[in-house]
Amino acid sequence: MAETALRCRMDCVVLELLEEDGVFPGLEGLGEVLPQGMKAAAGMRAGFFETGGDLGAFRRGYEKLAGDPAVCAVIVRDRGEAVPGKEDFLEISRELTAAVHSLGKPCIWADCGQEPVPLDWAAGCGFDAVHLTGAYTAETAELWREYHEEFAILGDTRLSWLKNQEPSRIIAYCEALQALTGNKGFAFGMGNPQGEPVPYLSYISTLSALVRGQSAEKP
């Protein structure tokens, strides 16, 4: 994954780390494994609400991630359909974001469920960014216009569309988003946390648009 990110001229790779008895085996020596100059946006493989876990243990886990110098941002993931209600979500999320922020790292909300919590809930928790997926019903551009002053927008809501389009249409779509956002408060992705199969040409077209957008920014 780090090698792919490097080929796409990225300086960050997204990692989900397995926790075993309060320890993240993949975190040990991570800085030495990553290519020079690259950091990781890291999170756990399961969420607090979907597992019914212990809040203290989750907070300590995110603090370990945030405290590692190889980690540039911490990802808090969960499944919207497992969240019992707004007040519970706000209470837990605010505590977790505060723990991450206390260690100087940004905090990203990643709802991997099929019924994501409303974005206005996330806006009240102090998240620095939200990862959109194909489960969100609104268009990415629409959500960016509404929320980019609250948090950065990552990913995309049109996974099913992206998987079934010709390369030229995918590139045009990506470039339109890049033009709208100016690549500020925005990072394009396919919004595919479940790892659904993506046709080769769709994937390469998305990466091509990313690289072309980077080249266009250079003087």
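Scroll up to find the structure.
Residues numbered from 1 in each chain as written. Predicted model: local features only at pLDDT ≥ 70, side-chain atom pairs only at ≥ 80, totals over all residues. Heavy atoms only, no water.

One can find Asp 11 in the loop between helix 1 (2-7) and strand 1 (12-17). Through-space distance from the C-alpha of Asp 11 to that of Leu 30 is 14 Å; in sequence the pair is 19 residues apart. Apart from the residues lying within four places of it in its own chain, the contact partners of Asp 11 are Gly 37, Met 38 and Lys 39. (Helix = DSSP H or I, 4+ residues; strand = E, 2+ residues; numbered from the N terminus. Contact = heavy atoms within 4.5 Å.)

Right, let's talk about the pattern of salt bridges for a bit. Think of it this way: side chains of opposite charge can pair up when their charged atoms draw near. Applying the stated criterion to the full structure yields seven salt bridges. The closest approach of N and O atoms between Glu 3 and Arg 7, which form a salt bridge, is 3.7 Å. Remark: Arg 7 and Glu 3 occur in helix 1; sequence separation between them is four residues, near one turn of the helix. By relative accessible area, Arg 7 is classed as exposed at 66%. Note that Glu 50 is salt-bridged to Arg 77, the shortest N-O span being 2.8 Å. With Glu 50 in helix 3 (residues 48-51) and Arg 77 in strand 3 (residues 71-78), this residue pair connects regions lying 27 residues apart in the sequence. Through salt bridges that share partners, Glu 16, Glu 50 and Arg 77 make up one connected network. (Salt bridge = Lys/Arg side-chain N within 4 Å of Asp/Glu carboxyl O. Buried < 20%, exposed > 50% of the residue type's maximum accessible area, 1.4 Å probe, protein only.)

Relative to each other, helix 4 (residues 55-67) and helix 5 (residues 86-101) sit at 30°, their axes nearing to 9 Å. Judged on the interaxial angle alone, helix 5 and helix 4 are roughly parallel. Read as a crossing pair, helix 4 and helix 5 show a hand that is right-handed. Each of Leu 55, Phe 58, Arg 59, Tyr 62, Glu 63 and Ala 66 in helix 4 lies in contact with helix 5, whose residues at this interface are Ile 92, Glu 95, Leu 96, Ala 99 and Val 100. Taken together, the residues of the contact of helix 4 with helix 5 break down into eight nonpolar, no polar and three charged. (Axes fitted to C-alpha atoms, helices over the stretch in contact; angles between N-to-C directions. Parallel < 35°, antiparallel > 145°, perpendicular 65-115°, else oblique. Left-handed = near helix turned anticlockwise from the far one by under 90°. Nonpolar A, V, L, I, M, F, W, Y, C, P; charged D, E, K, R; others polar.)

Let's shift gears to the nonpolar core. Core analysis: the largest hydrophobic core is formed by 60 residues, its most contacted members being Tyr 62, Phe 89 and Trp 109. Those residues in contact with Phe 89 that sit more than four places away from it in its chain are Phe 49, Val 83, Trp 109, Val 117, Trp 121, Ala 122, Cys 125 and Phe 127. Grouped together as the second largest cluster of nonpolar side chains are eight residues, Ala 41, Ile 75, Ile 108 and Ala 152 included. (Core = buried A, V, L, I, M, F, W, Y, C linked by side-chain atoms within 4.5 Å.)

In the structure shown here, the tally under the stated rule is ten aromatic pairs. Geometrically, the ring pair formed by Phe 89 and Trp 121 is tilted, given 6.0 Å between the ring centres and 45° between the ring planes. With Phe 89 in helix 5 and Trp 121 in helix 6 (residues 119-123), this pair connects stretches of sequence that are 32 residues apart. Trp 121 gets classed as buried once you look at its relative accessible area, which sits at 18%. A cation over a ring is seen here: Arg 158 above Tyr 173, with NZ or CZ 4.7 Å from the ring centre. (Phe/Tyr/Trp six-rings, centres within 6.5 Å; stacked < 30°, edge-to-face > 60°. Lys NZ or Arg CZ within 6 Å of the ring centre and 35° of its normal.)

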